[in-house]
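A structural walkthrough
Chain by chain, the residues run as shown.
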Amino acid sequence: MTLTSPTTSTTPMAPLHPPLTPLLPPLTPLDDLAENAPGTALRPRIDESSASPVARALARILGRPADGDSWRKGAGGERRVGAELDRLRRHGWHVLHSIPLPGDVDLDHLLIGPGGVFSINTKNHPGKPVWVGDDAVKVDNGDPRPYARRSRSEAERVQRVLGHYCGFTVPVDPVLVFVGITDLKVEATQLRVRVYREREVSSLAPLTGVWTPTQVTRIHSVARHRRTWLEA
């Protein structure tokens, strides 16, 4: 009688105990990012770098930027875009502003709703024309700026964090919003970033079919918790 050995399967076995979705502690007012106003994360930088009133007045007379002006301009842009995004709440969307991230950076805005999740980066260039290519942005025909690449990287970071705590994959689309510009030309063929002027972000309102109301609530409950982002 011929003995045959059992065939060895090459199919990997599923883990006996699949990894559990990490739990966040109960939400407290201190950890609730839903209370953040647009530009909140920039306030300490403005306070630290701001020139005195006399120095600011002198800078205006000389036509030069004063210390802290760039942060104030950035905060002003975030407030304008934040006001436009807040209008989307009546269409079933949730909006979070100034989400602090490790490395002394922050996420300007996060939009969560039936049509998807969008990480929104605001750029304030009043009185300037903007040109957008596949991987570069030029303001007033200046040197290329890595706005598009950084927006994609930011969205990937947010997607990783939300998926980790939600227990399911949460695709995140990057968005660039320009404030106060005189012209916007998008001449890209493979751009993976949505590009708007501040008044155009309302075009996101009608989007549907991506998340159910239950999923929207789950994603928002994770995103609004400050501790979600501590190791982002």
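The preceding data block contains the structure.
Attention here is on the structure that accompanies the text. Since the model is a prediction, treat every value here as computed from it, not as a measurement.

Concerning the side chain of Asp31
You can see Asp31 is positioned in the segment before helix 1 (43-49). On the accessibility criterion, Asp31 (8% relative accessible area) is buried.

Some thoughts on unusual backbone geometry
Phi at Ser98 is positive, roughly 50 degrees, even though this residue is not glycine. With respect to the element layout, Ser98 can be found in strand 1 (residues 94-101). Residue Ser98 is classed as buried on the basis of its relative accessible area of 2%. The residue Asp140 is not glycine, and still its phi comes out positive at about 55 degrees.

Thoughts on helix 4 (residues 147-166)
For helix 4, spanning 20 residues, the distance from its first C-alpha to its last is 28 Å, which sits close to the expected 28 Å at 1.5 Å a residue. For helix 4, every residue scored as buried is listed here: Tyr147, Ala148, Ser151, Arg152, Glu154, Ala155, Val158, Val161, Leu162, Tyr165 and Cys166. Once helix 4 finishes, Gly167 follows within two positions and takes phi at roughly 85 degrees, a positive value.

What to know about the sheet that holds strand 1
With respect to topology, five strands assemble into an open sheet ordered 1-2-3-6-8, the strand pairing being mixed. Strands at the two margins of the open sheet, each flanked by one partner only, are strand 1 and strand 8 (194-197). Taking each pair of neighbouring strands and ignoring which way they run, the sheet shows an average axis angle of 30 degrees. Relative to strand 8, strand 6 (residues 172-179) is paired through four bridges, and the arrangement is parallel. Across the sheet, the residue bridging to Phe178 is Arg197, located in strand 8. Packed on one face of the sheet, helix 4 meets strand 1, strand 2 (105-113), strand 3 (116-124) and strand 6 and runs near 140 degrees to strand 6. The strands touched by helix 5 (residues 213-223) are strand 1, strand 2 and strand 3; relative to strand 2, the strand with the most contacts, the crossing angle is about 165 degrees.

Digging into helix 5
Buried residues of helix 5: Val216, Ile219, His220, Val222 and Ala223, and no others. Looking straight down helix 5, one finds its buried side chains confined to an arc of 160 degrees; they lie on one side. Residues of helix 5 that are exposed and point over 90 degrees away from its buried face: Pro213 and Thr214. Looking at the buried positions of helix 5, the neighbouring elements they touch are strand 1, strand 2, strand 3 and helix 4.

Considering the packing of aromatic side chains
Aromatic rings in a pair are described by how distant their centres are and how their planes are angled relative to each other. On inspection of all chains with the given rule, the structure shows three aromatic pairs. Measuring from ring centre to ring centre gives 6.3 Å for Tyr147 and Phe178, while their planes differ by 45 degrees; the resulting arrangement is tilted. One end of the pair, Tyr147, is in helix 4; the other, Phe178, is in strand 6, with 31 residues separating them in the sequence. Judged by its relative accessible area of 9%, Tyr147 falls in the buried class. With relative accessibility at 0%, the residue Phe178 sits in the buried group.

Some points on the sheet that holds strand 4 (residues 129-132)
Taken in spatial order, the three strands make up an open sheet running 5-4-7, and their pairing is mixed. Here the strands that pair on one side only, and so sit at the sheet edges, are strand 5 (137-139) and strand 7 (183-186). Put simply, the sheet's adjacent strands are angled 10 degrees from each other on average, direction ignored.

Rules and cut-offs
- Residues numbered from 1 in each chain as written.
- Predicted model: local features only at pLDDT ≥ 70, side-chain atom pairs only at ≥ 80, totals over all residues.
- Heavy atoms only, no water.
- Helix = DSSP H or I, 4+ residues; strand = E, 2+ residues; numbered from the N terminus.
- Buried < 20%, exposed > 50% of the residue type's maximum accessible area, 1.4 Å probe, protein only.
- Expected span 1.5 Å × (residues − 1).
- Pairing = 2+ DSSP bridges.
- Axes fitted to C-alpha atoms, helices over the stretch in contact; angles between N-to-C directions.
- Contact = heavy atoms within 4.5 Å.
- Arc of directions from axis to C-beta.
- Phe/Tyr/Trp six-rings, centres within 6.5 Å; stacked < 30°, edge-to-face > 60°.

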